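# Fold and contact review
Single-letter residue listing:
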There are 4 protein chains.
Amino acid sequence: MHARNTTARALDYCDVRTTTERLAAPLSAEDQTVQSMPDASPTKWHRAHTTWFFETFLLGPHAPWYEPFRSEYAYLFNSYYEAAGPRHARPERGLITRPGIAEIADYRAHVDAAMLKLLDTSPSEEVAALAELGLHHEQQHQELIVMDIKHALSRHPFPTGYGDLPWARREACGPSTRWLGFDAGIVEIGHDGEGFAFDNEGPRHTELVHAFEIADRLVTCGQWLDFMADNGYRRPELWMSAGWAEVQASGWEAPEYWHHEDGEWQVFGLGGLAPVDRSAPVEHISWFEADAYARWADARLPLEAEWEVAVGAYQSRDKTSDWHGQVWQWTASPYSPYTGFRPAVGAVGEYNGKFMVNQYVLRGSCHATPPGHASDTYRNFFPTHSRWMFAGLRLARDITA
Amino acid sequence: MHARNTTARALDYCDVRTTTERLAAPLSAEDQTVQSMPDASPTKWHRAHTTWFFETFLLGPHAPWYEPFRSEYAYLFNSYYEAAGPRHARPERGLITRPGIAEIADYRAHVDAAMLKLLDTSPSEEVAALAELGLHHEQQHQELIVMDIKHALSRHPFPTGYGDLPWARREACGPSTRWLGFDAGIVEIGHDGEGFAFDNEGPRHTELVHAFEIADRLVTCGQWLDFMADNGYRRPELWMSAGWAEVQASGWEAPEYWHHEDGEWQVFGLGGLAPVDRSAPVEHISWFEADAYARWADARLPLEAEWEVAVGAYQSRDKTSDWHGQVWQWTASPYSPYTGFRPAVGAVGEYNGKFMVNQYVLRGSCHATPPGHASDTYRNFFPTHSRWMFAGLRLARDITA
Amino acid sequence: MHARNTTARALDYCDVRTTTERLAAPLSAEDQTVQSMPDASPTKWHRAHTTWFFETFLLGPHAPWYEPFRSEYAYLFNSYYEAAGPRHARPERGLITRPGIAEIADYRAHVDAAMLKLLDTSPSEEVAALAELGLHHEQQHQELIVMDIKHALSRHPFPTGYGDLPWARREACGPSTRWLGFDAGIVEIGHDGEGFAFDNEGPRHTELVHAFEIADRLVTCGQWLDFMADNGYRRPELWMSAGWAEVQASGWEAPEYWHHEDGEWQVFGLGGLAPVDRSAPVEHISWFEADAYARWADARLPLEAEWEVAVGAYQSRDKTSDWHGQVWQWTASPYSPYTGFRPAVGAVGEYNGKFMVNQYVLRGSCHATPPGHASDTYRNFFPTHSRWMFAGLRLARDITA
Amino acid sequence: MHARNTTARALDYCDVRTTTERLAAPLSAEDQTVQSMPDASPTKWHRAHTTWFFETFLLGPHAPWYEPFRSEYAYLFNSYYEAAGPRHARPERGLITRPGIAEIADYRAHVDAAMLKLLDTSPSEEVAALAELGLHHEQQHQELIVMDIKHALSRHPFPTGYGDLPWARREACGPSTRWLGFDAGIVEIGHDGEGFAFDNEGPRHTELVHAFEIADRLVTCGQWLDFMADNGYRRPELWMSAGWAEVQASGWEAPEYWHHEDGEWQVFGLGGLAPVDRSAPVEHISWFEADAYARWADARLPLEAEWEVAVGAYQSRDKTSDWHGQVWQWTASPYSPYTGFRPAVGAVGEYNGKFMVNQYVLRGSCHATPPGHASDTYRNFFPTHSRWMFAGLRLARDITA
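Now for a description of the structure that goes with this document.

About the criteria used
Residues numbered from 1 in each chain as written. Chains lettered and ligands numbered in written order. Predicted model: local features only at pLDDT ≥ 70, side-chain atom pairs only at ≥ 80, totals over all residues. Heavy atoms only, no water. Contact = heavy atoms within 4.5 Å. Buried area = accessible area lost by both parts, 1.4 Å probe. Polar contact = N/O pair within 3.5 Å; in protein donor to acceptor, adjacent residues only side chain to side chain. Salt bridge = Lys/Arg side-chain N within 4 Å of Asp/Glu carboxyl O. Helix = DSSP H or I, 4+ residues; strand = E, 2+ residues; numbered from the N terminus. Expected span 1.5 Å × (residues − 1). Buried < 20%, exposed > 50% of the residue type's maximum accessible area, 1.4 Å probe, protein only. Pairing = 2+ DSSP bridges. Axes fitted to C-alpha atoms, helices over the stretch in contact; angles between N-to-C directions. Least-squares fit on C-alpha atoms with pLDDT ≥ 70 in both. 1 Å grid on protein atoms, 1.4 Å probe; cavity = no way out; pocket = protein on both sides within 12 Å on 5 of 7 lines; lining within 4 Å. Points joined across faces, edges and corners; volume = space filled by probe spheres on them.

Quick look at the interface of chain C and chain B now. At the interface, 28 residues of chain C touch 28 residues of chain B. In total, about 2400 Å² of surface goes out of reach between chain C and chain B, with carbon and sulfur atoms giving 61% of it. On the chain C side of the contact with chain B, E30, L95 and R98 of chain C bury the most area, a combined 29% of that side's loss. Across the contact surface, chain C and chain B share twelve residue pairs in polar contact (both at pLDDT 80 or more).

Written out as structure tokens, the structure reads:
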């Protein structure tokens, strides 16, 4: 089991950095350059931005001997850190042809050499913590690389897949067979201080949970096909008002990447086009779709506290479970700060807090999440209409006396 | 004290209906026709839509003898009830010149006569409940009439005000002088079943509240001017990321309706343009602005449970309080269903539930809320960028041990 | 025959001004307020703007005793005269509820009284010429009133027509039966100095015309139905590239205001919805459609010099002709200045010249053109995608040796 | 002198094809992949599309033994030929990462081998003519490659230039010193049948030209700076109405690629950023700007017939003239078919005719036009707002008796 908070071990710098390069390796210079929508970024931008993170937050303040690789990179590869200075407009990342991928490889090597030097000499606790953050940040971008390139490749009229990830994909579990029940009570959730966590996972705090039950398995593609067959995408009463408007405006009639051809549903995956597998967890659905499905199934999405309580209770008992490693799971919880939340001090304080509005929390992890990155307290988040991440759902419902 | 759940009295049909007409009376046929933005509606549309509500949900199903006024109105004046059939596109309400205001007055009279006949003959409990809902619905639209016409009049290059409301405006209380403290604990919130409530106010249920304190008064225009003077609209670190993007895109530098002229801030109000009054509660601010102000003030917005607990404890002790009747108060709570929430059965079930996403809750009421409509459990809601409603804020903060 | 340059008579001030009010009379205050698209203007705006023209260009400079009605009107009712000062944004004309129609009637009366006084006292030649221009300007807006209100009324889900114009509609002539031939040669076109003309009609000058023939009648709705039946709207080879893009983007499959209902084509006209009349001239087509039709018919649109030569030769011989009074006729001529063209001096010089780009010329006049306004040298102009004016076509083709 | 219709020689297949590759050679795979705006295309797309032209119009119909390189290319690299089947959406050309530049080089080699085989065996007149068209088509795309990559490189926050073209840039001539006068008369213009011409250059035909004079030199950057210093971009009376709207909407205050830095105007050129050279012809201006400049200079743009007459009379006398080889010259002529114009039969008939609306003609050629491609009868065309092509102007004016 690869959940982060169980093992609480530090990531290895070289392992993580090498994994990024292994993810980029099958992609040509052309592939690594395009940005297929404003939400996505080019592969080569991800490679450079994760490097910029180490340069800006570690080497700049803590390695006086460090020579920046190119002064312009501070502008080109800042993502959203206002405190780190001005930055290039996000929707125009696909126009930056220079530096090319060879120069970015040089940039990575330059920073890696300096980072190894810095880490080699018994770094301070602050440096160690920032390095740990930089590695988890890079793992997040590893998953983004996969999401973004999948989207870019899908826009081709004759799409070819990305290919295999550098790590094995776990078997899917099939449809749910039972509901796991929980009594009402005050529970503790959030990161407990052992090992690494992002700032948005804390502080650990109490919440009141009402009696509920939660499905032991994810919703599958087969179940989703049943929803579609029952006109799920054509019945406004199943949808939130904003969701129904999105269905109409975007012409949704199936998850992202599904295509109806010759009477059969095909899905574009990392391996290319293939028939939909009924036993696999459904993925690439928006919150709106997850919410509508749950209503159709006479259930609801779990709150994040419910999810966290359940995973703690059941994950270890069920070695083949799908709480992690398959698809992110939409919750009914808008992304808000935990009680007592305080952003980290300095520019890294912009990491999570400033996004805590108009998004919903997803829990678990997915097949594109790098091993060692997942955690039971992880709070992923996306807007309600986003579909390009590997998101699915698990049902929950109230227990009423 | 005009809070609804205290008095729990039924509204009087003629009173409410007449109030709508009194609100429209100062407005010409031209004024009542325009729609100044997609979110707003023409006055004459509000007058017709509230009438359509009685015709559709009361007279249609429960008065077999009733003759509809015009068959087309079912299409023209449905707002968003999918179950009530197709409807006219919302952004095009301003193009509907016919019927004119005289015919709409006839429509109202026609429906009023039928409604009085229906209500006169000891109506069933269902009819009585729907009539009560219709009247509270009409009161909501009374406030919308005021909001929407204010916006329309403001778009004129030489704006004139609306004039006095049919009810008195309460005195403002001035700035806050103390924090009201509350211990952590399990509290009950939501409507308790006495008197009328909208479906989204229930069920009454328990929540865990952490120790907090809340300001006894609203934030004033004077305090807001201090925030502006301290570059509040120019410091990204005070804002949520999406809020900062909105500041840039919309060029916000003050609340809606504020204009800087000859070195002084003027504000367009119902009475026309006037200098900003430092002691009045600030209004026409978005959630983004309220949130940024709170961060600047080293505080936060209250959660809705906190607000409801506080109002219960302090309102009756402080006869001049501003919990109600001044401005709606943004909370830190995304608009989500209460645990155990079930929408009402039938078309009126579309009233609230389907909007419970991507909005934030406001509590209290405002000077444009008709007397008798306000309630301590009322859950108003708007998107985070909206500014045309009469919204302000009250600060809260954690008590840490 | 009502062609302007034949009679060369001055228009009567009271006649023209009264006709505007007769056009507005059937329209309610609500009808007169809406703007259904950025290209159109509210009726009450037209009534005020035409009045502003007299106030600004006649009374202001030439009647020292004149008291402006309201100083704000200079801003509100300027259409596009940069030299006359700043002005209200065109797309927001529909938001100006005040002044209402009663006050606009007062404004018209106020200006009329002053104008009559000015004109009564043997005005200078300059004043007389400006007054003549003001009246022809007002006649142009009379036609715009009809076009614009037709568009506004058409947007209603249950549309009712405008009703009869204050002047009689002429009978349609039916389809063309012969080609009128002309030899190559140098011809003179443009206004010859007798009677009123707009500046864009001159100077009279020579052009070289190649041998051509032109249809004696307009293209009819029956012929247009044949074009549609032959897939005219679905064959890209018939269309200009930009026209085909517009067909796709706008979903054109028939002229504006045509609706297919119960297997029959209905058309919304000034009298309301009615079946398409096969013998009537087709109207409400864009230049793109006229051009595609001509290509389908193995012909082309006439150049404006060809049209002007032909009308001079044939109009008087054929008392029932349709050169004037039915529909404007698209030409193959982009709207460019005539050789030697010079705009008038002063603000009225902005009348025509600054629009001489990216538009095409239409010739003739239509059933909504006020009597006395039409002229054989008149150069009307619209962009290639516009359809809300009363535009049709007449075919031409080369004569090759 | 490199004008095409003087020499009338056939282009050499290998020369032209090699030149394209020389133009692409300094560009990396990343550079060749981006599309910086919908009007532009990636370099690698140009390389493939020009190849597709030979494959589709030459090899497909005329070389039965030819094996297409990849069947998908027919879809990917069709630009706008409706008759050649469906095609990929133009604004999405930048998303097509595959094929990469190596595979496109293979594609070019594959087609080149087949083309040489086809041309080797005494091709029919039709094949020879289509091959000639294909080579001139490729030369047009060579210029587009330069325009498009210049635009893409300019979007970089720290832009670097493209570098030298494979051919020499001619010296600029400096400002105009005299007007060349012409009497009125009937002239012949258009291609006369000798050597290659595009279909839009014919038929040769008569036009009536009024007495005019035309400047012997192009307008220079120094003159443009004078226009700017005289508030040329801030005076609406100098502009067409649509041009003024564009100035406001786009914030134009200088030609495209000009930047004001440290009190000096810099311009981004193929060689990178450099100070504006006052003696060089101004380039990268829209028709709107050229027209406004001419009005400011109390002149006008020449008609295309005037330009063609003048170039015929003066070019050979003035060996250092700038009629060709510096910048394209905007004319006052909307792009319309010549009298008697008939598009070529078949898919290549879509080459020019379907674009003859809403554009203006440019005459001459520019420094990025490949040697051997320019012609005195060439009709280039762009919309009135376009600025990314190498366009400048030459003044003309009427001679009045």
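Structure's up, so let's keep going.
What follows deals with the interface of chain D and chain A. Facing the 28 residues of chain D at the interface are 28 residues of chain A. For the pair chain D and chain A, the summed buried area comes to about 2400 Å², and 60% of that belongs to carbon and sulfur atoms. The three residues of chain D that bury the most area against chain A are E30, L95 and R98 of chain D, which together make up 30% of that side's buried surface. There are four salt bridges connecting chain D and chain A. Note that E92 of chain D and R155 of chain A form a salt bridge whose closest N and O atoms lie 2.7 Å from each other. Scanning the region where chain D abuts chain A turns up twelve residue pairs in polar contact (both at pLDDT 80 or more).

Attention now moves to helix α5 (residues 101-120) of chain C. Residue and element names in this part refer to chain C. With 20 residues, α5 should cover 28 Å at 1.5 Å per step; its first-to-last C-alpha distance of 28 Å lies within 8% of that length. Listed as buried for α5 are I104, Y107, R108, V111, D112, A114, M115 and L118. Against α2 (13-24), α3 (43-62), α4 (73-76) and α6 (125-154) lie the buried residues of α5. Looking one or two places after α5, you find S122, whose phi comes out positive at around 30°.

Residue and element names in this part refer to chain D. Pairing in this open sheet of three strands is antiparallel, and the strands run β1-β4-β12 from one edge to the other. Across the chains shown, the open sheet's two edge strands, defined by having one partner strand only, are β1 (179-182) and β12 (396-398). Across this sheet, the average inter-strand angle for adjacent strands is 20°, counted without regard to direction. Where strand β4 (residues 212-215) and β12 come together, three bridges link them in antiparallel fashion. Within β12, the position partnered with F212 by the bridge is D398. Sitting on the sheet, helix α10 (residues 304-314) touches β1, β4 and β12, and the angle it makes with β1 is about 105°.

What follows deals with the relation of the copies chain C and chain B. Both copies of the chain are related by a screw-like operation: a rotation about an axis and a shift along it. Note on the identical chains: chain C maps onto chain B by a rotation of 180° and an axial translation of 0.0 Å, with an RMSD of 0.0 Å. Put plainly, the chains are arranged around a two-fold axis. Proximity to the rotation axis, assessed at the C-alpha, singles out E30 of chain C in chain C; its C-alpha lies 2.7 Å from the axis.

Considering only C-alpha positions, the minimal separation of the non-contacting chain A and chain C is 15 Å. Chain D makes no contact with chain B, the minimum C-alpha separation between the two being 15 Å.

On to the sheet that holds strand β12 (residues 396-398) of chain C. Residue and element names in this part refer to chain C. If you trace the three strands from one edge of the open sheet to the other, you get β1-β4-β12, paired in antiparallel fashion. The two strands at the open ends of the sheet, each matched to only one other strand, are β1 (179-182) and β12. Across the sheet, the mean angle from the axis of one strand to that of its neighbour is 20°, orientation sign disregarded. By the bridge criterion, four bridges tie β1 to strand β4 (residues 212-215) in an arrangement that is antiparallel. Looking across to β4, one finds that W179 is bridged to A215. Running over the sheet, helix α10 (residues 304-314) touches β1, β4 and β12 and is turned about 105° from β1.

With that settled, the discussion passes to empty space enclosed by the protein. All names here are of chain D. For the structure shown, the criterion picks out twelve cavities of 30 Å³ or more. Within this model, the largest cavity holds a volume of roughly 70 Å³. Around the largest cavity, the lining residues are T33, P42, K44, W45, L76, F77, H88, R93, I96 and I104.

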